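Architecture at a glance
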Amino acid sequence: MAAKLSIEQALSYGFDRITTRGGAILLAVYVLFQLVTQVSVQSLFSSLLTEFVSAEEVARTYPLAVDLPIAVSGGLTALLVLVGIVLGVVTIRALYSDIDDVPSADHTRRLVRTVGVLIVVSIVTFVAVLIGSVFFLIPGIFLAVSLVFATIVVAIEDAGIIESLERSWELASGNRIQLLVLGVIIGVVGGLTGFVFGIVGVFAPVVGDLATTITSGVLSLFGAAVLVGAYRQLAGEREPVSTSEW
């Protein structure tokens, strides 16, 4: 009989992981990464739109942009995409076990192979969900929930492309409603904070963007921790040994 997902336990797991010493380190890294990424992306779009939009409008839309050549901001943005994937793998593994030792040899094992598989799996998942959403929204949601653990399986179980998709489908089976509710909860929290800081951004664009970026980093890590907690439940894993907390 398939394990049943407890939404409360998954949320509790996520909170417990990010409030450890290792969780605090990852939070700092995630916030810094989000800030650098926003500066790079906004700088790129700012340069691309300068010829079509007034300087005042560009400055208002991209308040964190700095004056960089397109080649530099574009190359940096591409590099940050790769760095983000590597960071995601290490984070998932740390959230799963030994978070206070991050980054350990186990967290970085077979990194090149894992990143390669993860990229393919992410593309396959994205295309499948996109196709399902184009025809009808419900199939898209169904596929998104069914394949939500694919990247987790790649990182933790060192699974291949097909194996990770099949494993995710198996883990989600019988728990799709709970997983959907879990996603909605995190999405609503993110949406509300984004709305609040969006209002702030109308009056103080830089402050609004900084607050949104920092919050995005925190929620990204928390969401990953919650998903790992859900994976642990459905994969039949016991809770990790308690780690030092603040």
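Residues numbered from 1 in each chain as written. Predicted model: local features only at pLDDT ≥ 70, side-chain atom pairs only at ≥ 80, totals over all residues. Heavy atoms only, no water.

Where helix 1 (residues 7-18) contacts helix 10 (residues 205-234), the axes come no closer than 7 Å and their chain directions differ by 125 degrees. Relative to helix 10, the element helix 1 is oriented oblique. In the packing of helix 1 onto helix 10, the handedness of the crossing is right-handed. Residues Gln9, Ala10, Leu11, Tyr13, Gly14, Phe15, Arg17 and Ile18 of helix 1 pack against Leu221, Phe222, Ala225, Val226, Val228, Gly229, Ala230, Arg232 and Gln233 of helix 10. Its residues assigned to classes, the contact of helix 1 with helix 10 shows 11 nonpolar, four polar and two charged. (Axes fitted to C-alpha atoms, helices over the stretch in contact; angles between N-to-C directions. Helix = DSSP H or I, 4+ residues; strand = E, 2+ residues; numbered from the N terminus. Parallel < 35°, antiparallel > 145°, perpendicular 65-115°, else oblique. Left-handed = near helix turned anticlockwise from the far one by under 90°. Contact = heavy atoms within 4.5 Å. Nonpolar A, V, L, I, M, F, W, Y, C, P; charged D, E, K, R; others polar.)

On to the side chain of Arg232, then. For Arg232, the position within the fold is in helix 10. Of the polar contacts made by the side chain of Arg232, one reaches the side chain of Tyr13; its length is 3.2 Å. (Polar contact = N/O pair within 3.5 Å; in protein donor to acceptor, adjacent residues only side chain to side chain.)

Taken together, the side chains of Leu79, Leu82, Val83, Ile119, Ile123, Phe126, Val127, Leu130, Ile131, Val134, Phe135 and Phe136 define a hydrophobic patch exposed on the protein surface, amounting to about 1,200 Å² of accessible area. If you list the elements that add at least two residues to the nonpolar patch, you get helix 4 (70-96) and helix 5 (111-135). With respect to the helices and strands, the residue Leu79 is situated in helix 4. (Patch = residues over 30% accessible without salt bridge, like charges linked within 9 Å, V, L, I, M, F, W, Y side chains within 5 Å. Areas by Shrake-Rupley, 256 points an atom, 1.4 Å probe, with all protein chains shown as cover. Salt bridge = Lys/Arg side-chain N within 4 Å of Asp/Glu carboxyl O.)

A word on the layout of surface pockets. Here the largest pocket is characterised by a volume of approximately 690 Å³. What lines the largest pocket is a set of 27 residues, and nearest its centre among them are Val148, Thr151, Gly223, Ala224 and Leu227. Those elements that place two or more of their residues in the lining of the largest pocket are helix 4, helix 5, helix 6 (137-146), helix 7 (150-157), helix 9 (176-203) and helix 10. For the lining of the largest pocket, the per-class residue count stands at 19 nonpolar, eight polar and no charged. (1 Å grid on protein atoms, 1.4 Å probe; cavity = no way out; pocket = protein on both sides within 12 Å on 5 of 7 lines; lining within 4 Å. Points joined across faces, edges and corners; volume = space filled by probe spheres on them.)

This part takes up unusual backbone geometry. Note the cis peptide between Val102 and Pro103, where omega equals -5 degrees. Locating Pro103 in the fold gives a position in the loop between helix 4 and helix 5. The backbone of Asp158 sits at a positive phi, close to 55 degrees, despite the residue not being glycine. Following the sequence through the fold, Asp158 ends up in the loop between helix 7 and helix 8 (161-172).

Counted by the stated rule, this structure contains four aromatic pairs. Both rings, one in Phe149 and one in Tyr231, keep their centres 6.4 Å apart while their planes meet at 55 degrees; by these two values the pair is tilted. Of this pair, Phe149 sits in the loop between helix 6 and helix 7 while Tyr231 is found in helix 10, placing the two residues 82 residues apart along the sequence. Relative accessible area serves as the criterion here: at 0%, Phe149 is assigned to the buried category. Among the aromatic residues, ring-to-ring pairing joins Tyr96, Phe149 and Tyr231 into one connected group. When the ring centre of Trp169 is taken as origin, the NZ or CZ atom of Arg176, which lies over that ring, is 5.1 Å away. Stacked on the ring of Tyr96, the Lys or Arg Arg232 has its end atom at 4.1 Å from the ring centre. (Phe/Tyr/Trp six-rings, centres within 6.5 Å; stacked < 30°, edge-to-face > 60°. Buried < 20%, exposed > 50% of the residue type's maximum accessible area, 1.4 Å probe, protein only. Lys NZ or Arg CZ within 6 Å of the ring centre and 35° of its normal.)

On to the packing of helix 4 against helix 5, then. For the pair helix 4 and helix 5, interaxial distance at closest approach is 10 Å and the crossing angle is 105 degrees. Classified by the angle their axes make, helix 4 and helix 5 are roughly perpendicular. Where helix 4 abuts helix 5, its residues Leu82, Ile85, Val86, Val89 and Arg93 lie against Leu111, Thr114, Val115, Leu118 and Ile119. Among the residues making up the contact of helix 4 with helix 5, the classes are represented as eight nonpolar, one polar and one charged.

What follows concerns the environment of Ile25. As for its placement among the helices and strands, Ile25 is situated in helix 2 (residues 21-49). For Ile25, a relative accessible area of 45% puts it in the partly exposed group. Placed 77 residues apart in sequence, Ile25 and Val102 show a C-alpha to C-alpha distance of 8.4 Å.

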